[in-house]
Amino acid sequence: MAQKARKPKSEDTVRAFLLHLYHREHRGKTTIYAIGKLESGETFGLVDDRDRPAFFVRASDQVETQKHTSSFPVALEDSTWTTMDGEPVVKVSCDRTSVLRKFADLLAQNGIRTYEADVTPTRQYLINRGLRRTVRITGPHRSGTGVDRVYINPELEPADWEPKLVVLALDIETNREATEVFAVSLVGTGPKRKHRTEEIHIVGKPSRKDPKNLTCHATEPDLLQAVADRIREMDPDILTGWNLVDFDLPVLQRRFDAHRLQFNLGRTRDESWYREGKTWGGSGMVVHGRQVMDALHLIRTTLQRYEDLRLGTVAKAILGRGKTLQAGDEEGMPEVIAKAYREDRQTFCEYCLEDSRLVRDILKAEGLIELSLRRSLLTGLPLDRAWGSVAAFEFLYMTELHKRQMVAPTVGVDQPDQVGAPGGLVMALQSGLYRNVLVFDFKSLYP
């Protein structure tokens with residue numbers, strides 16, 4: 001996302017969607033970076049270093065807090081804001097998030113209550129400005145590398161707009177141990193011709209009988225580099241696939257590493273990397289400037305239940321068709337796929353390509369990309385976390401607190417001493433007919 005040394009163009013105002021926000025420490029300061037899509041269809045990068053990361057302590061704890069500042073370059077500032085129980089607060093700020101977090105931990109160890117010390121810089125950036133995911137950007141811009149425009153410290157305002165995003169489904173085929181990738185299929189959708197593609201890349205020599213959408217590569221490293229180049233060329237906003245986060249992308253990362261290739265599928269110079277979660281579905285893949293949305297995870301958010309969550313099973317239920325290869329009684333799927341790869345290229349290519357087509361068609365049939373986008377616009381969460389109930393509640397609740405000049409407690413602060421979470425009210429049955437029935441279902445508010 002580095003900007004070229006060009007004279008800034010004239011200032012304008014455009015609507016934009018914030019696809020990916022992250023922060024870094026640059027020149028001793030925590031800096032916010034964002035990459036997204038403009039209403040014109042162009043891509044943009046945003047760099048903002050004007051805010052100092054901050055949290056709050058009660059004004060009654062200011063003196064005790066001051067005693068711990070000798071080793072930390074933090075500033076304490078008066079504030080007109082309060083806690084939810086009406087106690088005045090003092091703002092604690094620092095140029096660097098990493099230092100501020102250590103200071104907050106020190107205060108907690110010494111029994112000093114903190115407020116919003118656990119809020120990430122990117123979430124703090126959005127909440128402080130009353131933003132969610134669509135914004136109006138005002139300011140000059142330069143041409144960028146990896147994106148069409150780069151804005152430095154622009155003005156941002158909330159906006160109402162739903163973008164048209166480019167989606168690319170990806171599937172890989174490997175040997176049983178996943179120590180060798182011998183095929184990758186790519187199926188894309190989007191407004192431009194370059195986005196709408198169905199293609200397959202394999203390791204092997206070309207043949208006159210090959211399908212037109214097949215590209216052969218001499219070696220596995222050649223295949224991997226070509227696929228990364230194609231992804232950047234098609235420039236999708238969303239990468240998807242079936243079990244993409246926990247299989248396809250981590251396998252690709254390991255194979256790129258094994259061949260000492262840079263694993264970069266994004267819009268910046270940064271390598272893509274696997275982010276392991278503590279629970280099922282909590283892991284993610286960070287691809288700078290894009291969102292990775294695993295179709296397997298998305299299908300679990302629907303009310304429909306399936307015999308199992310294998311791609312073939314779900315596709316049969318939703319689309320009426322499934323995988324084009326099946327395992328026999330004496331062979332497992334890895335052996336069936338490997339045999340087709342060696343002996344029947346046409347069948348193999350159709351199988352690999354159909355896996356990506358199935359993902360594309362399932363998401364379209366269920367409208368899951370559109371639903372995720374609308375949830376993101378409503379809750380302010382990134383697309384890959386749009387279905388998180390607790391995170392959505394916290395974001396919206398904090399936004400409303402800030403409108404009232406109140407701060408939220410850091411997780412664990414000001415909670416009553418009790419074991420577990422309180423249960424819900426179960427009303428006694430009263431049979432009969434009722435004219436008006438109201439049902440309030442607050443999903444996943446319990447920890």
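Reference entry: report on the structure contained in this document. (Residues numbered from 1 in each chain as written. Predicted model: local features only at pLDDT ≥ 70, side-chain atom pairs only at ≥ 80, totals over all residues. Heavy atoms only, no water.)

1. Section: the sheet that holds strand S7 (residues 114–115)
As a reminder of what qualifies: Between any two strands, at least two bridges found by DSSP are needed for them to pair. In this description a helix means any DSSP run of H or I spanning at least four residues, a strand means any run of E spanning at least two, and both kinds are numbered starting from the N terminus. In this analysis, two residues are considered to be in contact whenever any of their non-hydrogen atoms come within 4.5 Å of each other. Axis lines are fitted to C-alpha atoms, over the contacting stretch for helices. Their N-to-C directions set the angle, which ranges from 0 to 180 degrees.
The 4 strands are arranged S5-S6-S4-S7 in an open sheet whose pairing can be described as antiparallel. Looking at which strands have only one partner, the edges of the open sheet turn out to be strand S5 (75–82) and S7. Bridging between strand S4 (residues 54–58) and strand S6 (residues 88–93) involves 5 bridges; their strand directions are antiparallel. For phenylalanine 55, the partnering residue across the bridge sits in S6 and is valine 92. The strands that helix H2 (residues 97–109) touches are S4, S6 and S7; relative to S4, the one it contacts most, it runs at about 20°.

2. Let's talk about the packing of aromatic side chains
The relation between two aromatic rings is expressed through the spacing of the ring centres and the mutual angle of the planes. Rules: Centre distance within 6.5 Å is the pairing criterion for rings of Phe, Tyr and Trp, where only the six-membered ring of Trp is used; planes under 30 degrees apart are then read as stacked, over 60 as edge-to-face, and the remainder as tilted. Buried residues are those whose accessible area, probed at 1.4 Å on protein chains only, stays under 20% of the maximum for their type, while exposed residues exceed 50% and partly exposed ones sit between those limits. Two conditions define a charge sitting above a ring: the NZ of Lys or the CZ of Arg must be within 6 Å of the ring centre, and it must be within 35 degrees of the ring normal.
On inspection of all chains with the given rule, the structure shows 10 aromatic pairs. Plain terms: the ring middles of phenylalanine 182 and phenylalanine 348 are 6.0 Å apart, the flat faces sit at 50° to each other, and that makes the pair tilted. Residue phenylalanine 182 is located in strand S13 (residues 181–189), and its partner phenylalanine 348 is located in helix H9 (residues 345–366); the two are separated by 166 residues in the primary sequence. Residue phenylalanine 348 is classed as buried on the basis of its relative accessible area of 0%. In this structure an aromatic cluster arises from ring pairing among Phe55, Phe72 and Phe103. Directly above the aromatic system of tyrosine 125 lies the positively charged group of arginine 129, at a separation of 3.9 Å from the ring centroid.

3. Remarks on the side chain of arginine 267
The line we're drawing: Side-chain atoms alone can form a polar contact between residues adjacent in sequence; in general such a contact is a pair of N or O atoms within 3.5 Å, and within protein one must be able to donate a hydrogen while the other accepts it.
Inspection of the secondary structure puts arginine 267 in the loop between helix H5 (244–258) and strand S17 (273–275). Owing to a relative accessible area of 3%, arginine 267 belongs among the buried residues under this scheme. A polar contact of 2.8 Å, which involves the side chain of arginine 267, links it to the side chain of aspartate 235. In this structure the side chain of arginine 267 is engaged in a polar contact, spanning 2.9 Å, whose partner is the side chain of aspartate 237.

4. Considerations on the pairing of strand S8 (residues 134–139)
Along any regular strand the residues' side chains alternate between the sheet's two faces. Pairing of strand S1 (residues 12–26) with S8, which is carried by 6 bridges, proceeds in the antiparallel orientation. Bridging across to S8, phenylalanine 17 finds its partner in threonine 134. In terms of strand pairing, S8 meets strand S11 (residues 155–158) through 4 bridges, oriented antiparallel. Along S11, the bridge assignment pairs isoleucine 137 with leucine 156.

5. Quick notes on the packing of helix H3 (residues 121–128) against helix H11 (residues 389–403)
The relative placement of two packed helices comes down to the angle between their axes together with the axis-to-axis distance. Note the threshold: Any angle between 65 and 115 degrees counts as roughly perpendicular, while under 35 counts as roughly parallel, over 145 as roughly antiparallel, and the rest as oblique. In this scheme the crossing of two helices becomes right-handed for a clockwise turn of the near helix relative to the far one and left-handed for an anticlockwise turn of less than a right angle. We call Asp, Glu, Lys and Arg charged. Ala, Val, Leu, Ile, Met, Phe, Trp, Tyr, Cys and Pro are nonpolar, and the rest, Gly among them, are polar.
Interhelical geometry of H3 versus H11 gives an angle of 45° and a closest axis separation of 9 Å. Here H3 is positioned oblique relative to H11, judged by the angle of their axes. Seen along the crossing, H3 lies across H11 with a hand that is right-handed. Residue-level inspection shows Arg123, Leu126, Ile127 and Asn128 of H3 in contact with H11, the latter providing Ala391, Glu394, Phe395, Met398, Thr399 and His402. Here the contact of H3 with H11 is composed, by residue class, of 5 nonpolar, 3 polar and 2 charged.

Taken by themselves, the reported measurements are silent on function.
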